[in-house]
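Each chain, written out:
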Amino acid sequence: MKQLMKRFVPLLTGLSIALTAGGSATASTLDDVMKKRGLTQKDLLAAAKTYTPTGGRDEFLAFASGGQSGQVIVYGIPSMRILKYIGVFTPEPWQGYGFDDESKAVLAQGRINGKDITYGDTHHPAISETDGDYDGRYLFINDKANPRIAVIDLHDFETKQIVVNPFFKSAHGGAFVTPNTEYVMDPAQYAAPLTDEFVPLEEFNDKYRGGLTYWKFDDKKGRLDPEQSFTFELPPYSQDLSDAGKGPSYGWGFTNSFCSERYVGGIERGRPPFEAGCSSKDTDFMHVTNWKKAAELVKAGKVKKVKGSYLISMKQAVKEGLLYLIPEPKSPHGVDVTPDGKLITVSGKLDSHAWVYSFDKIMKAIKAKKFESHDPYGLPIIAMKDVLHTQVNVGLGPLHTQYDSKPCVAYTSIYVDSMVTKWDYCKGKVLDQINIHYNIGHLMTMEGDSKSPDGKYLVSLNKLSIDRFNPVGPLHPQNHQLIDISGEKMELLYDMPLPLGEPHYVVAIAADKLKPAVRYKSGWDSRTDKRSPYKTRAGREKTVRNCDASGKCTVEVFGTTIRSHITPEIIEAEVGDTVKMHFTNLERAQDEVHGFALNGQNVQLSIEPGKTASATFTVEKEGVYPYYCTEFCSALHLEMQGYLLVKPKGYKSTGAAMQAGESLFCGSLFWASKPKQAANTNATVYAYGAPTVLRSLRNHLFAALHNSLSDSTPT
Ligand code: K7E
Ligand code: CUA
């Protein structure tokens, strides 16, 4: 540290000289600024380590769960600048998520018993892996409240799929991927019947169950495949976090549990509360599952389907040697496999130790069939002393553990003591501790749960921020603290307020592993990742009104957007019509997004370059509904507008001429052709003929000119 300062100070002095030499009246020296703002040398060093000058990029990209906001938050490390919120289980209008037909279809996949669930309690994001290393292709995240997993494609940072767990009523410990993203682990949390029936709590031990789903990921399609996924039936033990084995432990999965007491509360019935009954035993159980062998059984047709989904009963799991229990410290939370796959760290919230288990010893016990007993469901229990590698006193309320690029170095979040403890899991000793503010939950090092962590930085995800930021009312921002872990001692660099909550876990990947697109192939449905059937080309825009035999009419718009113009500019419908709008953004320039907001219909599209987005709705009331572009895309953005005219039934035009204002262009050039009765159908087609093509050309020229001025990236 001292050495660092020595190197840094002359640099700073140089800077003050440069600033002074600048000589402008408002310029001040670094010393002045330090004095005025009460900053120390240490603050300056921290600032220099995180400050990213204009145009600069971050070394890592972090994907944080947005907790009950149902979103994912993307930010850069070390700058801690927020780059994006991704709508996942929750509508997000900026991205048109939940407002266009394409993304509504994604959210609809997440319906539970036919009911729209428009929030999620996201906990654990996971980046897809190849050979145990982050590959930057996909992000998975779970919803604890409504047991679901979502798939986000990191090619465009959009949510593509939501799957609903067929058996569970809550699921906390997902999403954790196996080393080649063969499966995504998703265990249940609060035990419940695996069916949808009512079962009285008196039958808890017999009829309530936990479970662990391994969702199959179809790498070619980039989607989870419920047909090939399977679930372990587990005892009603409140399964918690999971982690997949790697290296020597490849093929196995590890899942904690708490409340293996199987206690059911009910203060209103005079029973001690859940929290008391659920923490009366000294140990709970780690569940060890052999997913590789289970997958082979599924493939061989040896696993039965229940409710259309593969379910491995406890009986079958025991018979086939797929499932074992190991006692672990009281009310454990995290379970984290070391980068080399040889050890597994577990911390009990009510125990001050991190417990390290040896996978090798676990295998030896299994091979020797050396079990200390069986649980009430007949699951074999391996004795803790037979498989323990070491046990380290890390502090009060340890939760989660992550690993460093340096061998044997681990970091554990200490909730009660509000600390991060750095420790050596080979030698079993504490190396360093740092205070955080306050009550840390998860922590995360760069690619810290992969087989090759990058070290460098640690982010502490704190449960309380209390006095860290300007007060903004009783609901406080979250506090993510950035810690430099490159040296011997941990150094706090930065507090980042996060205005969405509550983020539980975050994963960070080296930014150069991501290859996001800047535009879509033209006419692209970004949610299905296929060409949209509604793709519309310049000059081919049209509006079609079609009525069926019962007199129900549909107005379908095939439109385009390009600076600074929405085609069509006038859409006519009659009361009661169904309106379907499809807009294709013709732009190829980077960042030239057009939005489409329509008065009173809950329509807001985000149409990125190349994308085709649609909105379907019924116009229930006659009236005049302006629409416009919601992204300030050009100098004539405000003029990027139009009208949806909803006429009364049977309205007859008076035939009056349009009252033209001052006109620079030849006004008549801009009107669509007279409506044509399409051959052999009862559809009326308003095509936008030659004059529109001319105008499109003009817009293309304008856009091209604009691009050459503003966009230097190749298109
Ligand atoms: Cu500890 Cu859901 Cu991983 Cu919250 S969880 S902290
Ligand atoms: Cu397009 Cu504003």
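Residues numbered from 1 in each chain as written. Chains lettered and ligands numbered in written order. Predicted model: local features only at pLDDT ≥ 70, side-chain atom pairs only at ≥ 80, totals over all residues. Heavy atoms only, no water.

## Considering the overall build of the protein
Working step 1: Looking only at helices and strands, one finds 11 helices and 46 strands in the protein.
Working step 2: Surface exposure of the protein reaches about 31900 Å², of which carbon and sulfur atoms provide 56%. (Helix = DSSP H or I, 4+ residues; strand = E, 2+ residues; numbered from the N terminus. Areas by Shrake-Rupley, 256 points an atom, 1.4 Å probe, with all protein chains shown as cover.)

## With respect to the sheet that holds strand 5 (residues 133-143)
Working step 1: Judged by pairing direction, the sheet is antiparallel, and its four strands sit side by side in the order 4-5-6-7 without closing on themselves. The open sheet terminates on both sides in strands that have one partner only, identified here as strand 4 (122-130) and strand 7 (158-164). Across the sheet, the axes of successive neighbouring strands diverge by a mean angle of 30°, strand direction being ignored.
Working step 2: Note that strand 6 (residues 148-153) and strand 7 share six bridges and pair antiparallel. By the bridge assignment for strand 7, Val151 is matched with Gln161. (Pairing = 2+ DSSP bridges. Axes fitted to C-alpha atoms, helices over the stretch in contact; angles between N-to-C directions.)

## Some details on the environment of Gln481
Working step 1: Within the fold, Gln481 resides in strand 30 (residues 478-484).
Working step 2: Measuring from C-alpha to C-alpha, the distance between Gln481 and Leu458 comes to 8.2 Å, with 23 residues separating the pair along the chain.
Working step 3: The contacts of Gln481, once residues within four sequence positions are left out, are Ile436, His437, Leu458, Val459, Ser460, Asn462, Leu492, Tyr494 and Asp495.
Working step 4: At a separation of 2.9 Å, a polar atom in the side chain of Gln481 contacts the main-chain amide nitrogen of His437.
Working step 5: Within the local environment of Gln481, its side chain forms a polar contact with the side chain of Asp495, the two groups lying 2.8 Å apart. (Contact = heavy atoms within 4.5 Å. Polar contact = N/O pair within 3.5 Å; in protein donor to acceptor, adjacent residues only side chain to side chain.)

## Points about the site of ligand 1
Working step 1: His123, His124, His172, Leu241, His333, His400, Gly441, His442, Lys463 and His504 make up every residue found near ligand 1.
Working step 2: When contributions to the shell around ligand 1 are tallied by element, the ones reaching two or more residues are strand 4 and strand 28 (440-446).
Working step 3: Counted by class, the shell around ligand 1 contains one nonpolar, eight polar and one charged residues. (Near = heavy atom within 4 Å. Nonpolar A, V, L, I, M, F, W, Y, C, P; charged D, E, K, R; others polar.)

## Thoughts on the packing of aromatic side chains
Two aromatic rings are characterised by how far apart their centres lie and by the angle between their planes.
Working step 1: For the coordinates displayed, the defined rule picks out 24 aromatic pairs.
Working step 2: Aromatic side chains Phe140 and Phe217 sit 5.1 Å apart centroid to centroid with 90° between the ring planes, which places their arrangement in the edge-to-face category. One end of the pair, Phe140, is in strand 5; the other, Phe217, is in strand 10 (residues 210-218), and 77 residues separate them in sequence.
Working step 3: By relative accessible area, which is 0% here, Phe140 ends up buried.
Working step 4: Through successive ring pairs, a cluster of aromatic residues spans Tyr183, Tyr214, Phe230, Phe232, Tyr250 and Trp291.
Working step 5: Over the aromatic face of Tyr310 sits the side chain of Lys305, whose NZ or CZ is 4.7 Å from the ring centroid. (Phe/Tyr/Trp six-rings, centres within 6.5 Å; stacked < 30°, edge-to-face > 60°. Buried < 20%, exposed > 50% of the residue type's maximum accessible area, 1.4 Å probe, protein only. Lys NZ or Arg CZ within 6 Å of the ring centre and 35° of its normal.)

## Remarks on the state of the cysteines
Working step 1: All chains considered together, the criterion is met by three disulfides.
Working step 2: Across a sulfur-sulfur distance of 1.9 Å, Cys408 and Cys426 are joined as a disulfide pair. For the disulfide bridge between Cys408 and Cys426, the dihedral angle about the S-S bond is near -80°, and by the sign convention the bridge is left-handed. Taken together, the residues Cys408 in the loop between strand 24 (398-403) and strand 25 (409-414) and Cys426 in the loop between strand 26 (419-424) and strand 27 (429-435) connect sequence positions 18 residues apart.
Working step 3: The disulfide partner of Cys547 is Cys553, and the S-S distance across this bridge is 2.1 Å. For the disulfide bridge between Cys547 and Cys553, the dihedral angle about the S-S bond is near 105°, and by the sign convention the bridge is right-handed.
Working step 4: Its relative accessible area of 23% is what places Cys547 among the partly exposed residues.
Working step 5: Exposure remark for Cys553: the relative accessible area of 7% places this residue in the buried category. (Disulfide = S-S within 2.5 Å.)

## Things to note about a positive patch on the surface
Working step 1: Together, Lys521, Arg531, Lys535, Arg537 and Arg540 make up a positively charged patch on the protein surface.
Working step 2: With respect to the helices, strands and loops of the structure, Arg540 is situated in the loop between strand 34 (530-531) and strand 35 (542-547). (Patch = residues over 30% accessible without salt bridge, like charges linked within 9 Å, V, L, I, M, F, W, Y side chains within 5 Å. Salt bridge = Lys/Arg side-chain N within 4 Å of Asp/Glu carboxyl O. Lys, Arg positive; Asp, Glu negative; His and termini not counted. Charge placed at Lys NZ, Arg CZ, Asp CG, Glu CD.)

## Some thoughts on the nonpolar core
Working step 1: Membership of the largest hydrophobic core comes to 72 residues, with the highest contact counts inside it found for Phe63, Phe230, Phe232, Ile344 and Tyr357.
Working step 2: Those residues in contact with Phe230 that lie beyond four places of it in its chain are Tyr183, Leu212, Thr213, Tyr214, Trp291, Ala294, Ala295, Val298, Tyr310 and Ile312.
Working step 3: Ranked by size, the runner-up nonpolar core spans 24 residues in total, among them Val555, Met581, Tyr625 and Met640. (Core = buried A, V, L, I, M, F, W, Y, C linked by side-chain atoms within 4.5 Å.)

In short, geometric facts, not functional conclusions.
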